[in-house]
Amino acid sequence: MNKIYNFTEDWIAGFTQSDGSFVISFETEGGKLSIRPRLVFSVRRSYTEFEMFKALHSYLGVGRLQKNRNNVTLIVTSINEIISVLIPLFEKHPLRGSKIMSYQIFKEVSLMMKAKKHLTLEGTLQILELAYFMNPGTTLRTIESKEVILKTLIKNYGNLPIIPEIKLPELNLPKTINLEFIRGEVDGDGSFNV
């Protein structure tokens, strides 16, 4: 029997608040720049939620599903899909808490990459600086990991240009919360115990 899922954009925002992540990773590449930023939006749950994730993937129309024995993950890495679907969704149905800062930085870097700024050394350095403000308390990024990336760039380019001081995006904090957002957050992290 197929279950019908009642997704709304506020539900997706709440579900992302609990189980989603916005990540900027850095890959080594043999192209023009030796280090290239990569955007990754994902939501992950136990594999028991595979049918719901298939329906969510169909509803959003972006990304791909990745599954293993334990988990199912919806992953979106396409800049065009991020800018055309995810950013409008989260602008209209905002996140809360510390995740809103990670989203705002993710959005700014998405727009920088759409404008091809990541193909310049200066743009890559700006993105690197911004990425280290994301996901406070949960990130595996350290000063040491940043130094490894900078040393790789120095090895390939010599002295690095000085970039202007990074200004974090202004937070557009929502003033209200609705029941659909709460329903999505409970579906992500809620539990009922006796």
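Each remark here, short or long, concerns the structure printed above.
Peer 1: I'd like a rundown of helix H5 (residues 121-131), residues and numbers included.
Peer 2: Across the 11 residues that make up H5, a large majority, eight, are buried. If you check which residues of H5 are buried, you get Leu121, Gly123, Thr124, Leu125, Ile127, Leu128, Leu130 and Ala131. In this structure, the buried side of H5 is in contact with strand E1 (20-28), strand E2 (35-46), helix H4 (99-114) and helix H6 (143-157).

Peer 1: Could you give an account of the sheet that holds strand E3 (residues 64-67), naming the residues involved and the relevant values?
Peer 2: The four strands lie next to each other as E1-E2-E4-E3, forming an open sheet whose pairing is antiparallel. Across the chains shown, the open sheet's two edge strands, defined by having one partner strand only, are E1 and E3. Across the sheet, the mean angle from the axis of one strand to that of its neighbour is 35°, orientation sign disregarded. The sheet contact formed by E2 and strand E4 (residues 71-76) spans six bridges and is antiparallel. Following the sheet pairing, phenylalanine 41 is matched in E4 by valine 76.

Peer 1: Outline the layout of surface pockets, supporting the account with residue identities and numerical values.
Peer 2: The computed volume of the largest pocket comes to approximately 170 Å³. Forming the boundary of the largest pocket are Lys3, Tyr5, Asn6, Phe7, Trp11, Phe15, Arg45, Glu49, Met52, Arg183 and Asp187. Counting residues per element, the ones that place at least two in the lining of the largest pocket are helix H1 (9-19) and helix H7 (179-189). When the residues that make up the lining of the largest pocket are grouped by side-chain class, the tally is five nonpolar, one polar and five charged.

Rules of the game
Residues numbered from 1 in each chain as written. Predicted model: local features only at pLDDT ≥ 70, side-chain atom pairs only at ≥ 80, totals over all residues. Heavy atoms only, no water. Buried < 20%, exposed > 50% of the residue type's maximum accessible area, 1.4 Å probe, protein only. Helix = DSSP H or I, 4+ residues; strand = E, 2+ residues; numbered from the N terminus. Contact = heavy atoms within 4.5 Å. Pairing = 2+ DSSP bridges. Axes fitted to C-alpha atoms, helices over the stretch in contact; angles between N-to-C directions. 1 Å grid on protein atoms, 1.4 Å probe; cavity = no way out; pocket = protein on both sides within 12 Å on 5 of 7 lines; lining within 4 Å. Points joined across faces, edges and corners; volume = space filled by probe spheres on them. Nonpolar A, V, L, I, M, F, W, Y, C, P; charged D, E, K, R; others polar.

In short, geometric facts, not functional conclusions.
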